[in-house]
Amino acid sequence: EAVRTSRREGMATALARQAGAAVFLTHNGDLVLPTGPLKAPLEQLYYWMTGAAGRMASGLIPQTRDYAASSRLLAPLWDKLHFIYAPVDLPPPDEAACAARRRELGLEGRFLVGFAGRFVEEKGFDYLFQCVPQVLAERPDAHFVFAGVREISYEGFFERHRAEVEALADHFTFLGLLTAPQELADFYGMIDCFALPSRSDCFPSTQIEAVRSGTPLVTADIPGAREIVRVTGMGVIVRAGDPAALAAGILEVAEQLPAYRARQAAALAIFDPQRCFEAYEALFTLACQQG
């Protein structure tokens, strides 16, 4: 699907440029396919086609310099890059609904660690499984809550780790896919911290949703994903691929939870959707003025 999208993107860019229109491409992360015989050729085709579209475009819009500097696609196109955070918005969590949801799930009085996203190798949830015993040794009241779909057919990551998950079943709650904005906001409002142990992640919108909801982060030290903690101080950055470091980060947030939550105002200001829209408008206006 990513390769087909790149082909359509290249054709649209070429046609628009031939017609004299300015074209800006947004970038939400390099393609990282699961290990397999088609990984190398498909990734190579994707980067060739997307790189060609980027060279034709008026500019590209990634979200962070941090990720762009490490990007196989973006680094060679640095002079065309314009950095704008994604305009992510959710309604505020409904405190009464969050409390009711905790009661309904039997999780009152627990320290809740939330995680979300595609249940695939790239997201590093296996590191999260491995850190659970260390967290529970210090915080027996800890519980892990996942929002999303576990069975991703094209990769089978959940199936490979099913035994680990089932062995920890008493400490995990799976909510399924949440699509309603208020329901998603209440998920973030219900949990105490949001864990992102990814192997690769450009700039996850889930992190913005979490901090705007007042929930601090525990984030792997990888390009792009560490940006939100760096600019807001709302959470901790831990060594990537290290379950022990992940556990230590979760425990640190648990100990300093009020201090991290107190930084929500900074997160709301930095990741204000209106600021994002204004930055896009300014960029497009300048492009039109320059012809």
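The rules behind each value
- Residues numbered from 1 in each chain as written.
- Predicted model: local features only at pLDDT ≥ 70, side-chain atom pairs only at ≥ 80, totals over all residues.
- Heavy atoms only, no water.
- Helix = DSSP H or I, 4+ residues; strand = E, 2+ residues; numbered from the N terminus.
- Buried < 20%, exposed > 50% of the residue type's maximum accessible area, 1.4 Å probe, protein only.
- Contact = heavy atoms within 4.5 Å.
- Pairing = 2+ DSSP bridges.
- Axes fitted to C-alpha atoms, helices over the stretch in contact; angles between N-to-C directions.
- Expected span 1.5 Å × (residues − 1).
- Right-handed = clockwise from strand over helix to strand, strands pointing away.
- Parallel < 35°, antiparallel > 145°, perpendicular 65-115°, else oblique.
- Phe/Tyr/Trp six-rings, centres within 6.5 Å; stacked < 30°, edge-to-face > 60°.

A. Quick peek at the side chain of T50. Checked against the element boundaries, T50 lands in helix α2 (residues 39-56). By relative accessible area, T50 is classed as buried at 7%. Residues within four places of T50 in sequence aside, it is in contact with S6, E9 and L73.

B. Representation of the sheet that holds strand β4 (residues 142-147) in the model. Read from one edge of the open sheet, six strands run β5-β4-β3-β6-β7-β8, paired in parallel fashion. Edge strands, defined here as strands with exactly one partner in the open sheet, are β5 (172-176) and β8 (235-238). If you compare each strand with its neighbour and ignore which way they point, the axes differ by 25° on average. For β4 and β5, the ladder comprises four bridges, and the chain directions are parallel. Looking at the pairing, F146 lines up with F174 of β5.

C. Examining α2 more closely. Spanning 18 residues, α2 covers 26 Å between terminal C-alpha atoms, matching the ideal 26 Å at 1.5 Å per step. Buried residues of α2: E43, Y46, Y47, M49, T50, G51, A53 and G54, and no others.

D. Focus on the pairing of β8. Relative to β8, strand β7 (residues 217-220) runs parallel, the two sharing four bridges. In the strand pairing of β8, A220 is matched with V238. Remark: the β7/helix α10 (residues 227-232)/β8 crossover connection has right-handed handedness.

E. Up close: the packing of helix α4 (residues 95-105) against helix α8 (residues 181-190). The geometry of α4 relative to α8 is characterised by a closest axis approach of 9 Å and an angle of 75° between their N-to-C directions. The angle between α4 and α8 falls in the class roughly perpendicular. Contacts between α4 and α8 involve A97, C98, R101, R102 and L105 from the first element and D186, G189 and M190 from the second.

F. Main features of the packing of aromatic side chains. Applying the stated rule across the entire model yields 20 aromatic pairs. With a centroid separation of 5.4 Å and an interplanar angle of 10°, the aromatic rings of Y85 and F203 are classed as stacked. Here the residue Y85 occupies a position in the loop between α3 (65-70) and α4, and F203 occupies one in the loop between β6 (193-196) and α9 (205-212), the gap between them amounting to 118 residues. There is no split in this pair, since Y85 and F203 are both buried. An angle of 75° between the planes, with centres 5.8 Å apart, marks the rings of F129 and F172 as edge-to-face. With F129 in helix α5 (residues 125-138) and F172 in strand β5, the pair connects residues that are 43 residues apart, well separated along the chain. F172 carries the same exposure label as F129, and that label is buried.

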